[in-house]
Structure formats: structure tokens, C-alpha cells
Amino acid sequence: MIHWPSLKKFPKKLLVPSLLGGDHGNLLSSLKLIESYQLPWVHVDIMDGHFVPNLSFGPQTIAALKQHSFLFFDVHLMLEHPETLVPYFIKVGVDLISFHIESQAPIASTLQYIHDQYCAVGLACNPDTPEEQLVPWLRQVDLILFMTVQPGFCGQAFLNNVLPKIARIATVRQKGNSSFRIAVDGGIDAVSAEKCLAAGADIIISGTSFFDPVKRDPLQQLLS
Ligand code: DX5
Ligand code: ZN
């Protein structure tokens, strides 16, 4: 019996704003902007300064923001040891936790632990990691997150060489009649989003372009 939040309930293709690209002096205004577009899901990047050379938010920030919003909270853990912090994110009630296949986490037990806590789970993959490494885990995940830039910062250029990897995992999904979602994250605007959709991605994460009033509309129209 499935206890954790199902990602099947979301539309077939969905624009997911990344809070990292919003106003860090007024995070709540970013959530309200997302809600004003009737979008149900927010992506929150968590960094440790080791796995990636940057820092961002922690569980306390998430707990505070969740008091003001009914959005689905997706945390993307860019951490060397995600397994040590997962319990804290569970405790504040996030809905989806993704961690990296390149991290030091014991993958099987971390996936299982997150599901046992009634939380959806994703496995993230850096641009240079062969997608074959994901295949053994596809039956245990709700989402595969393809990084389409090197993780750590907003505003980088989309890496086209990730597209064939997305397509190969989408084919495995189709052949296996599986229901995990395929997310893309990094350098997403209307042009790159269209390529990702064509390759088989369905969760389209965007920081810089969503929070840019000029770039937002074409992206939003493409995914509406
Ligand atoms: C990068 C993060 C992304 C980031 C995307 O490490 O994982 O979620 O917010 O930002 P853009 O859309 O500006 O590349
Ligand atoms: Zn992210």
C-alpha cells in the first residue's frame, strides 16, 4: 500500500518554480507569486558548501515558510551526506525529498527511510553522471531529477548534452510501464523546456526564468 504523497496527481507536464531564483530578502513573496500562477509545487534547493560550492536554506527556513503556504514542498538536497539531514526535513513536513546519486548516502536505505516516513523520494543526477547508474533504482523512486547545469547556482546555461540521457530514461520508463516523474533542473527557459519535454521530461524546474517577468510568460504558456 502506498502511503507517501503520489506525484501522479499532478498534471502531465508541470512548471515548478525554484525558490533559489526568487528574492532572498522576501522568500514569502516568491511563494505568493507561485501561488498567484495557480502552480501547486515549489522546489527548494538545499546546499552544504561541500557537495556544491554554495549555501542556501535549511529546515528552519522551510518550517517557517510552510506556515504560510499550502504548496507542495520539494527539497533538492545537494549534500555530501544527505542521510544525516533527511530526518530534519521529514520533521518539518516536506512532501518530496531528492538526493544525489553522487552523494555519500547509502542509496537503498535512504530511499526506503524516506518512503517509510510517508514522504515521496527522488534521485538526482549530475550532468556528467551516466544515466545507467539510475536504472537499478527506478522502481524505488517517485522522481528522477536530471541536473541540466552543474549544481550550485542559478542563472547558468542549459547543457544540451543531458537531453539524450533524459530520452533514454524516458524510454526505460515507457517500456517498464513505470510512473516515476522525470524532472529537469537548471538553465530552463521556454526554449530549453521545449527540448526537455520532447525528450520525455514532465516536471520542469525553473529559477531565474520563472522569476524574470519577461521570461516567465513564454515558459508559463508552454506549460499551461
Ligand atoms: C541549481 C539548482 C536549481 C536552480 C535553478 O543547483 O538546483 O534548482 O535553482 O536555477 P536556474 O533555473 O536559474 O538555472
Ligand atoms: Zn534544484
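Because the structure is a prediction, the values reported are computed rather than measured.

Give me the coordination of the zinc ion (ligand 2): which residues, what numbers.
Taken together, His43 (NE2), Asp45 (OD), His76 (ND1) and Asp185 (OD) make up the protein donors of the zinc ion (ligand 2), found 2.0 to 2.3 Å from the metal. For the zinc ion (ligand 2), the 6 donor atoms are set out with angles of 70 to 169° between them, so the coordination reads as octahedral. When the donors of the zinc ion (ligand 2) are listed by position in the chain, the intervening gaps give H-x1-D-x30-H-x108-D. On the criterion of sequence distance, the pair formed by histidine 43 in strand β2 (residues 41-47) and histidine 76 in strand β3 (residues 72-78) is long-range, its members being 33 residues apart. For histidine 43, a relative accessible area of 0% corresponds to the buried category.

Could you give me a rundown of the packing of helix α3 (residues 82-91) against helix α4 (residues 107-116), with the residues and numbers involved?
Axis separation between α3 and α4 bottoms out at 11 Å; the angle between their running directions is 10°. Comparing their axes, α4 and α3 come out roughly parallel. Here Glu83, Val86, Pro87 and Ile90 of α3 come into contact with α4, specifically with Thr110, Tyr113 and Ile114. Taken together, the residues that form the contact of α3 with α4 break down as 5 nonpolar, 1 polar and 1 charged.

Help me get a handle on the sheet that holds β2, residues and values and all.
Strands belonging to one sheet form pairs held by backbone hydrogen bonds; the direction of such a pair is parallel or antiparallel. The 8 strands lie next to each other as β1-β8-β7-β6-β5-β4-β3-β2, forming an open sheet whose pairing is parallel. The open sheet is flanked by β1 (14-17) and β2, the only strands paired with a single partner. Along the sheet, successive strands turn relative to each other by an average axial angle of 25°, direction set aside. Pairing between β3 and strand β4 (residues 96-100): 4 bridges, direction parallel. Bridged to valine 75 within β4 is isoleucine 97. Where α4 meets the sheet, its contacts fall on β4 and β5 (120-125), and the angle it forms with β5 comes to roughly 145°.

Give me α4: which residues, what numbers.
What α4 keeps buried is the set Ile107, Thr110, Leu111, Ile114 and His115. Down the axis of α4, the sector holding all buried residues measures 135°, keeping them to one side. As for α4, its buried residues are in contact with α3, β4 and β5.

Break down the packing of aromatic side chains for me, citing the residues and quoting the values.
One pass over the structure, following the stated rule, counts 5 aromatic pairs. With centroids separated by 4.8 Å and ring planes inclined at 55°, the aromatic side chains of tryptophan 41 and phenylalanine 72 adopt a geometry described as tilted. Remark: phenylalanine 72 occurs in strand β3 and tryptophan 41 occurs in strand β2; sequence separation between them is 31 residues. The class for phenylalanine 72 is buried, based on a relative accessible area of 6%. Each residue in the set Phe10, Trp41 and Phe72 is aromatic and connected to the rest through ring pairs, giving one cluster. If you follow arginine 173 out to its NZ or CZ, it ends over the ring of phenylalanine 180, 5.8 Å from the centre. One cation-aromatic arrangement involves arginine 216 over phenylalanine 210; the distance from NZ or CZ to the ring centre is 5.3 Å.

Tell me what's going on with the site of ligand 1, and back it up with residues and numbers.
Ligand 1 sits among 18 residues. The nearest are Ser18, Asp45, Gly152, Asp185 and Thr208. Between glycine 152 and ligand 1, the recorded distance is 2.6 Å, taken from a backbone N or O atom to an oxygen atom. One of the backbone N or O atoms of glycine 187 is found 2.8 Å from an oxygen atom in ligand 1. For ligand 1, whose accessible area on its own is 380 Å², the fraction buried by protein is 99%. Residue assignment for the shell around ligand 1 shows that the elements contributing at least two residues are β2 and β3. Looking at the shell around ligand 1 residue by residue, the classes come out as 6 nonpolar, 10 polar and 2 charged.

Criteria and cut-off values
- In this numbering scheme, every chain counts its residues from 1 along its sequence in written order.
- Labels are handed out in written order, letters beginning with A for the chains and numbers beginning with 1 for the ligands.
- Only residues with pLDDT of at least 70 get local features here, since the model is predicted, and only at 80 or more are side-chain atom pairs given and counted; chain-wide, interface and lining totals rely on the full set of residues.
- Note that the side-chain values use all heavy atoms of the structure and ignore hydrogens as well as water.
- Counted as donors are the N, O and S atoms within 2.8 Å of the metal, or 3.2 Å for Na, K and Ca, while water is not among the atoms, so some sites may look incomplete.
- Any site counts as irregular unless it has four donors with all angles between 85 and 135 degrees, making it tetrahedral, or four or six donors with opposite ones more than 155 degrees apart and the rest between 65 and 115, making it square planar or octahedral.
- Numbering of helices and strands runs from the N terminus, with a helix taken as a DSSP run of H or I at least four residues long and a strand as a DSSP run of E at least two residues long.
- When a residue's accessible area, from a 1.4 Å probe over protein chains only, is under 20% of the maximum for its type it is buried; when over 50% it is exposed; and in between it is partly exposed.
- Axes here mean lines fitted to C-alpha atoms, for a helix over just the part in contact, with angles spanning 0 to 180 degrees between N-to-C directions.
- Note on angle classes: values under 35 degrees are labelled roughly parallel, values over 145 roughly antiparallel, values of 65 to 115 roughly perpendicular, and the remainder oblique.
- Contacts are residue-level and defined by heavy atoms, with any inter-residue pair within 4.5 Å sufficient.
- Residue polarity follows a fixed list, in which Ala, Val, Leu, Ile, Met, Phe, Trp, Tyr, Cys and Pro are nonpolar, Asp, Glu, Lys and Arg are charged, and the others, Gly among them, are polar.
- Any two strands with at least two DSSP-identified bridges between them are counted as paired.
- Directions pointing from the helix axis toward each C-beta atom define the arc.
- Stacked, edge-to-face and tilted are the three classes for Phe, Tyr and Trp ring pairs, Trp counted by its six-membered ring, which pair at centre distances within 6.5 Å; planes under 30 degrees apart are stacked, over 60 edge-to-face, the rest tilted.
- Throughout this description, the term charge over a ring refers to an Arg CZ or Lys NZ atom that lies within 6 Å of the ring centre and within 35 degrees of the ring normal.
- Residues are classed as near a molecule or strand on a simple rule: at least one heavy atom within 4 Å of it.
- Throughout this description, a polar contact denotes any pair of N or O atoms lying within 3.5 Å of each other; where both atoms belong to protein, one of them has to be capable of donating a hydrogen while the other can accept it, and for residues adjacent in sequence the pair is counted only when both atoms sit in side chains.
- Surface accessibility in these figures is a Shrake-Rupley result with a 1.4 Å probe; residues are shielded only by whichever protein chains are displayed.

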